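Chain and residue survey
Spelled out, the chains give:
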Amino acid sequence: MQHILQAFSLESNDSEIQKFGSGLINDTFLIVAANEKYILQKINTEVFQNPEIIGKNLYEADKHLKTLYPTYLFISQIKTSDGENFFVENGNYWRLTKFIDNSYSINTVNEPEMAFEAARAFGELTVKLQGLDLTKLKPSIPRFHDLSLRYEQFKLALQNASPALKAASKTEIDFYESNNGYVETFRKIQQDETYPNRMIHHDTKINNVLFDKQTQKSLCVCDLDTLMPGKIISDLGDMVRTYSSAESEESTEFEHVKIRLTYIEALMNGYLGKLKKNLTPSEKESLIFAGPFMIYMQGLRFLTDHLNGDVYYQISYKNQNLNRAKNQQALLEDYQLNQTKIATIIAATLS
Ligand code: ATP
Ligand code: MG
Ligand code: MG
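All values reported here derive from a predicted model rather than from experimental measurement.

About the criteria used
- Residues numbered from 1 in each chain as written.
- Chains lettered and ligands numbered in written order.
- Predicted model: local features only at pLDDT ≥ 70, side-chain atom pairs only at ≥ 80, totals over all residues.
- pLDDT = per-residue confidence, 0-100.
- Domains from an automatic or database assignment.
- Nonpolar A, V, L, I, M, F, W, Y, C, P; charged D, E, K, R; others polar.
- Pairing = 2+ DSSP bridges.
- Helix = DSSP H or I, 4+ residues; strand = E, 2+ residues; numbered from the N terminus.
- Contact = placed C-beta atoms within 7 Å.
- Axes fitted to C-alpha atoms, helices over the stretch in contact; angles between N-to-C directions.
- Core = buried A, V, L, I, M, F, W, Y, C linked by C-beta atoms within 7 Å.
- Buried ≥ 20, exposed ≤ 12 C-beta atoms within 10 Å, placed from the backbone.
- UniProt positions renumbered as here; feature names shortened; annotations may be inferred.
- Parallel < 35°, antiparallel > 145°, perpendicular 65-115°, else oblique.
- Left-handed = near helix turned anticlockwise from the far one by under 90°.

1. Remarks on the confidence of the model for the protein
Per-residue pLDDT for the protein averages 96, and the proportion of residues at 70 or more is 100%. Model confidence for the complex is summarised by a pTM of 0.96, with the ipTM given as 0.98.

2. Digging into the domain arrangement of the protein
The domains assigned to the protein are domain 1 (2–99) and domain 2 (112–350). In this structure, domain 1 and domain 2 have C-alpha centres spaced 27 Å apart. Looking at the side of domain 1 that touches domain 2, its residues break down into 12 nonpolar, 4 polar and 1 charged.

3. Observations concerning the sheet that holds strand E10 (residues 218–221)
The antiparallel open sheet is built from 3 strands, whose spatial order is E7-E9-E10. Where the open sheet ends on each side, the last strands, each with one partner, are strand E7 (103–104) and E10. Bridge analysis of strand E9 (residues 209–212) against E10 gives 3 bridges, and the strand direction is antiparallel. Its bridge partner lying in E10, Leu 210 is registered against Cys 220. Strands E9 and E10 of the sheet are contacted by helix H3 (residues 112–128), whose axis makes an angle of about 50° with E10.

4. Some thoughts on the pairing of strand E6 (residues 92–98)
Strand direction decides the pairing type here: strand E3 (residues 37–42) and E6, joined by 5 bridges, are antiparallel. Bridge pairing links Gln 41 to Arg 95 in E6. As paired elements, strand E4 (residues 77–78) and E6 share 2 bridges and run antiparallel to each other. Looking at E6, one finds that Ile 78 is bridged to Leu 96. Relative to E6, strand E5 (residues 87–89) runs antiparallel, the two sharing 3 bridges. Looking across to E6, one finds that Val 88 is bridged to Tyr 93. Counted between consecutive antiparallel strands, the loop separating E5 from E6 contains 2 residues, among which Asn 90 sits at a positive phi close to 50°.

5. Comments concerning the nonpolar core
Membership of the largest hydrophobic core comes to 67 residues, with the highest contact counts inside it found for Ala 115, Ala 118, Leu 267, Tyr 271 and Phe 293. Both domains that furnish three or more residues to this core are identified here as domain 1 (2–99) and domain 2 (112–350). Excluding its chain neighbours within four sequence positions, the residues that come into contact with Ala 115 are Val 109, Tyr 243, Tyr 263, Ala 266, Leu 267 and Gly 270. Core analysis: the next-biggest nonpolar cluster, separate from the first, contains 13 residues, Ile 4, Leu 10, Ile 39 and Leu 40 among them.

6. Examining the UniProt feature "domain: Aminoglycoside phosphotransferase" (unreviewed entry) in the protein
The positions that UniProt labels "domain: Aminoglycoside phosphotransferase" (unreviewed entry) are, in the present scheme, residues 16–249. Split by type, residues 16–249 is 37% helix and 19% strand. Its first and last C-alpha atoms lie 35 Å apart.

7. Regarding the packing of helix H8 (residues 232–243) against helix H9 (residues 261–275)
Viewed as axis vectors pointing N to C, H8 and H9 meet at an angle of 150°, and their least axial separation amounts to 10 Å. Considered as vectors, H8 and H9 are oriented roughly antiparallel to each other. As for how H8 packs across H9, the hand of that crossing is right-handed. Counting all contacts with H8, which are made through Leu 236, Met 239, Val 240 and Tyr 243, the residues of H9 involved are Tyr 263, Ile 264, Leu 267 and Tyr 271. Each residue belonging to the contact of H8 with H9 can be placed in one class, and the counts come to 8 nonpolar, no polar and no charged.

8. A word on the packing of helix H10 (residues 281–307) against helix H12 (residues 339–350)
Packed helix pairs are specified by the crossing angle of their axes together with the interaxial distance, meaning the distance between the axes. In the contact formed by H10 and H12, the axes pass within 10 Å of each other and the chain directions differ by 145°. Judged by the sense of rotation from one axis to the other, the crossing of H10 with H12 is right-handed. Here Lys 284, Leu 287 and Ile 288 of H10 lie close against H12, whose contacting residues are Gln 339, Ile 342, Ala 343, Ile 346 and Leu 350. Per-class residue counts for the contact of H10 with H12 are 6 nonpolar, 1 polar and 1 charged.

The following block contains the structure:
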């Protein structure tokens, strides 16, 4: 790897290189050089088929932030000595950034305060990127959070699945089909000209937030590969889905998969505290839909993959994707039961 470090003008002889973090998509390494630490990543080009788009989106975002908010902590790409965003070799894309010192990440949200802090960081990113010219940018994963596409993919999987497989997941198929009103709500948002695109992180799970070792407050967000134009319901919804659930999405204790209202309140406060002054009426109206949108879409994707024979999400036991779809179903059902209370929380946060 020495020549990769050299391509970024790093002294390679006295640098230590070690695998780092618990990310699932890219290969991540910590580089400890003489005076500075860095994060080196090999981009997963199965997922990101055009890494140059990531490079361009991050470059434009960084430029905007440096001009308007020079003290804001944004993980910039370090250019190669040739002035490129990546060192490319044999189809592999390598990227270097500074390591954020004094930081740590967590894998589960155990306190409402962590949900607040994380949501605050994602809200701040989007609000500070307001005004960036989105016409210069492209999606690093086209139609990533497009629920219409995910529903079409589900219908196709249903057509192709064996009768036995379908019969064994009938309850879940019925649930996801009978709740397809969410697809219609999503289409209306997509077609609504008063509903803006903004720079959205699109992967707001908790280990994409860096916390300060001393204060436990959020320092910044990381994992910016899907920072691209989108709708706020993506980021807010995935925080509702992953921070408020009392169980992880892998849990098969479905009766314990419940929405925790204190976490909803905390994350709404964190996110909307940053963004509420900037939201349009159509965005405000959609806040209650954010959680169900992302829970439904994720459950649908797990069920689709189960019907397709587990080709996308890795499994370690049979029916794991079906169980994940059941887990998301339980969460969505509990959200539906609590919808009035959640609406009250949102209204209080906006006031
Ligand atoms: P995911 O599975 O979430 O898509 P990934 O494979 O894209 O993850 P990252 O999230 O970018 O990888 O990085 C993995 C982990 O490395 C992060 O969760 C974080 O703990 C740590 N990390 C990444 N970049 C930095 C940085 N610049 N400074 C400090 N820690 C970092
Ligand atoms: Mg990550
Ligand atoms: Mg990632």
